[in-house]
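# Topology and contacts: notes
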Amino acid sequence: MTSADSTTPASSTERFSPLHQAHVDAGASFTDFAGWQMPVRYSSDLAEHHAVRNQAGLFDLSHMAEILVDGPDAGAYLDYALAGKLSVIELWQAKYSLLLNENGGIIDDLVVYRLDETRFLVVANAGNRFAAFDALLARAVDFDVAVVDQSDDYALIAVQGPNALAILDATAGVTDLGYDLRFMKYYRITDALFRGHTLLVARTGYTGEDGFELYLAAEHARELWDALMSAGDEHGLVSAGLASRDTLRLEAGMPLYGHELTLTTFPAQAGLGKVVNLNKENDFVGRAASVAGPAAGASVLVGLIAAGKRAGRADYAIFRSLDAETADGVITSGALSPTLGYPIAMAYVTPDLARLGTEVYVDVRGTRLPATVTSLPFYKRVK
C-alpha cells in the first residue's frame, strides 16, 4: 500500500474515484479494490474506526455500481430477477436483496431503492458490477423494462456515526429534502438538492452505526465532500478508509462478498434465508435450488470470539479439538475488534459445531487457540 500523488498515471487496470484528488490532498494511502485505487486509510485504522463509533467518519464509495431499472414491469421484473419481493416495497424505501444463479448461489448481495412507481435504483458491489449487470440484463428479456448501468455517472459518499445527522443538517448547500431527517427511518431514501444539483440521501450504511449514503453526479462529488468535511469540523468528522470500513462491518456482523458470500454459497448457509422469498406465487431465478437447499451437512456461518490479542484471519482453519487431524471449518473474516478489545471472526463450520457456546480451535500460524461460537452481530449500537 503506497501513497499516491496527483500525478499518478492510470494504468489499463486502474480506475480512480472522482474524489481521488481529495484523498491525495488528505494524505491517504491507497490500495487496489476491484480495479479501483481507493483510500485504505488516512491516519490510522484504529483512529478512523473509533471516530465512526464515537463521532463520525466520511467514506468514498464511488466504486460501487448503480443500475437503474425503469419501466411498467419494473416491480414484477425485480421479483423475478432477485430473491426478494421488491414490488411491494414502498416509495422511497430500500430493501436488502440477493441476486442468485440457477444453482442458488449468490452472484451478489445488493440494496434496492424504490424511487418511483416504476423506477428502482439497484446498488451492487464494485467487484460484481459487470456480473450483476449482465445477469440483470439477461433476465429482463420478457419484461417491459429498461436496465441501465449508470455507475460511471454517480459518486457515492457515506457519512457514518452518531454525529452523522448533525453533520448532514449543518452541510451548506443541501436543500429541498423530502424528509425531515430527524424522522427519516432506517432503510429509507429521499431526494434533495446540493447547490441546485440532484442529490439522493439514503439512511443506509455498512458500519453498524446511524448514517447516510449520498448519491449525486460524479462532477459535483468534490464540492459535496468538502462541504461535509467543513460541516463536520465541530462534530469530530474524519476521512475514513477501507480498512476501518472492514473492521466496522465485521463488528456489525455484515457479510462481505468474496468472504462470507460466494457463487457456491446458499443464502441459508450465510444466515440470509429470510431474504429469499419462497412464497408459492413468487417465481425467481434460483427458486428451485433454494427450495431444495444446500446439501446435508453443508457448513453454516457463525460468529467466533476469543480471549487474548491474537486474532484469526480469513482462511485460517478451524478444528473441533486440539488434536483433530482434519479441519471442520474456516474463518472468512477476522480481526482484533477495536471496539470490544478481543478477537472476533465470522466463519463457516460444520452444523454440529454451530451451537452457541461450542468451543472450537483456530489455527493461528501453527498454534491452535480456543474460540467460542457466538451469535451475530458482535456489536450493536444503542439507539
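Every chain's residues receive numbers from 1 upward, in the order its sequence appears when written. Per-residue local features of the predicted model are confined to residues with pLDDT of at least 70, and side-chain atom pairs are confined, for both listing and counting, to 80 or more; whole-chain, interface and lining totals are unaffected and use all residues. Water and hydrogen atoms were dropped before computing side-chain values, which therefore reflect all heavy atoms in the structure.

Helix and strand counts for the protein chain come out as eight helices and 22 strands. The globule rule used here is 2.2 Å times the number of residues to the 0.38 power, and the radius of gyration it is set against is calculated over C-alpha atoms. Its C-alpha radius of gyration of 21 Å places the protein chain within 12% of the 21 Å reference for a compact globule of 383 residues. Exposed residues in this analysis have more than 50% of their type's maximum accessible area, buried residues have under 20%, and partly exposed residues fall in between, with area computed by a 1.4 Å probe over protein chains only. For the protein chain, buried positions account for 54% of its 383 residues. Contacts are assigned to residue pairs with any non-hydrogen atoms lying within 4.5 Å of each other. Partitioning the intrachain contacts of the protein chain with sequence separation of at least 6 by distance along the chain shows that 64% fall at a separation of at least 24. Note on areas: these come from Shrake-Rupley sampling with a 1.4 Å probe, and a residue is covered only by the protein chains present in the view. Roughly 16400 Å² of accessible area belongs to the protein chain as shown, and the carbon and sulfur atoms make up 51% of that amount. For the charge count, each Lys or Arg is scored as positive and each Asp or Glu as negative, with His and the chain ends excluded. Here the site of a charge means NZ on Lys, CZ on Arg, CG on Asp, or CD on Glu. Each charge class in the protein chain can be summarised by its mean position, and for the 30 positive and 47 negative side chains these summaries are 8 Å apart. Counting from the N terminus, the helices are DSSP H or I runs at least four residues long and the strands are E runs at least two residues long.

Aromatic contacts are taken between Phe, Tyr and Trp rings whose centres are within 6.5 Å, Trp giving its six-membered ring; a plane angle under 30 degrees counts as stacked, one over 60 as edge-to-face, and the others as tilted. Throughout the structure, instances matching the rule amount to five aromatic pairs. When the ring of Tyr 154 is compared with that of Tyr 215, the centres are 6.1 Å apart and the planes differ by 85 degrees; the resulting orientation is edge-to-face. Separated by 61 residues along the polypeptide, Tyr 154 in strand 11 (residues 154-160) and Tyr 215 in strand 15 (residues 211-217) bring together distant segments of the chain. Residue classification places Tyr 215 among the buried positions, given a relative accessible area of 2%. A centroid spacing of 5.0 Å and a plane angle of 65 degrees characterise the contact between Tyr 186 and Tyr 187, whose relative ring orientation is edge-to-face. In this structure Tyr 186 comes out as partly exposed when scored by relative accessible area, which is 42%. Taken together, the ring pairs connect Tyr 77, Tyr 80 and Phe 143 into an aromatic cluster. Above the ring of Tyr 379, the side-chain terminus of Arg 53 is found at 4.0 Å from the ring centroid. We count a charge as sitting over a ring when the NZ of a lysine or the CZ of an arginine lies within 6 Å of the ring centre and within 35 degrees of the ring normal. Sitting over the ring of Phe 319, Arg 368 keeps its end group 3.6 Å from the ring centre.

What follows deals with helix 6 (residues 221-231). Taken together, the buried positions of helix 6 are occupied by Ala 221, Leu 224, Trp 225, Ala 227, Leu 228 and Ala 231. Looking straight down helix 6, one finds its buried side chains confined to an arc of 165 degrees; they lie on one side. The arc in question is the one traced by the directions running from the helix axis out to the C-beta atoms.

This next bit is on the nonpolar core. Remark: nonpolar core denotes a set of buried residues (Ala, Val, Leu, Ile, Met, Phe, Trp, Tyr, Cys) joined through side-chain atoms within 4.5 Å. Membership of the largest hydrophobic core comes to 32 residues, with the highest contact counts inside it found for Leu 199, Val 201, Phe 212, Leu 214, Leu 224 and Leu 228. Sort the elements by how many residues they give to this core and helix 6 lands first, with six residues. When residues no more than four places from it in sequence are discounted, the contact partners of Leu 228 are Leu 58, Ile 157, Ile 167, Leu 168, Thr 171, Leu 214 and Leu 237. By size, the runner-up hydrophobic cluster in this structure holds 24 residues, among which are Val 69, Tyr 77, Ala 81 and Ala 140.

Strands are treated as partners if at least two bridges between them are detected by DSSP. Here five strands make up an open sheet; going across it, the order is 7-8-9-6-10 and the pairing antiparallel. Each edge of the sheet is formed by a strand with only one pairing partner; in this case those strands are strand 7 (94-100) and strand 10 (146-149). Neighbour to neighbour, the strand axes of the sheet diverge by 25 degrees on average, direction disregarded. Where strand 8 (residues 106-116) lies against strand 9 (residues 119-124), five bridges are found, and the strand directions are antiparallel. By the bridge assignment, Arg 114 is partnered in strand 9 with Phe 120. To obtain each axis, a line is fitted to C-alpha atoms, and for helices this fit is confined to the stretch in contact; angles are then taken between N-to-C directions over 0 to 180 degrees. Against the sheet, helix 3 (residues 74-81) contacts strand 6 (65-70), strand 7, strand 8, strand 9 and strand 10, and its axis sits at roughly 30 degrees relative to strand 9. Set on the sheet, helix 4 (residues 129-138) makes contact with strand 6, strand 7, strand 8, strand 9 and strand 10; between it and strand 10 the angle comes to about 165 degrees.

Right, let's get into the confidence of the model for the protein chain. In low-pLDDT regions, the fine details of the predicted coordinates are not to be read closely. As a per-residue quantity, pLDDT reports the predictor's confidence and falls between 0 and 100. Residues with a pLDDT of 70 or more make up 97% of the protein chain, whose mean pLDDT is 95. In the model, residues 1-12 has pLDDT below 50 throughout and makes 21 contacts with residues more than four positions away in sequence or in other chains.

Most of strand 5 (residues 56-60) sits out of view: five of its five residues are buried. Here strand 5 shows two buried faces, one formed by Ala 56, Leu 58 and Asp 60 and the other by Gly 57 and Phe 59. The pairing of strand 5 with strand 16 (residues 237-239) spans three bridges and is classified as parallel. Bridging from a neighbouring strand, Leu 58 pairs with Ser 239 of strand 16. Here strand 5 pairs with strand 11 via four bridges, running antiparallel. The partner of Leu 58 across the bridge, within strand 11, is Val 159.

What follows concerns the side chain of Ser 97. Among the secondary structure elements, Ser 97 is positioned in strand 7. With sequence-adjacent residues up to four places away left out, Ser 97 is seen in contact with Leu 82, Ala 83, Gly 84, Leu 86, Asp 108, Asp 109, Leu 110 and Val 275.

What follows is about the environment of Ala 166. As for its placement among the helices and strands, Ala 166 is situated in helix 5 (residues 164-170). A relative accessible area of 32% means that Ala 166 is categorised as partly exposed.

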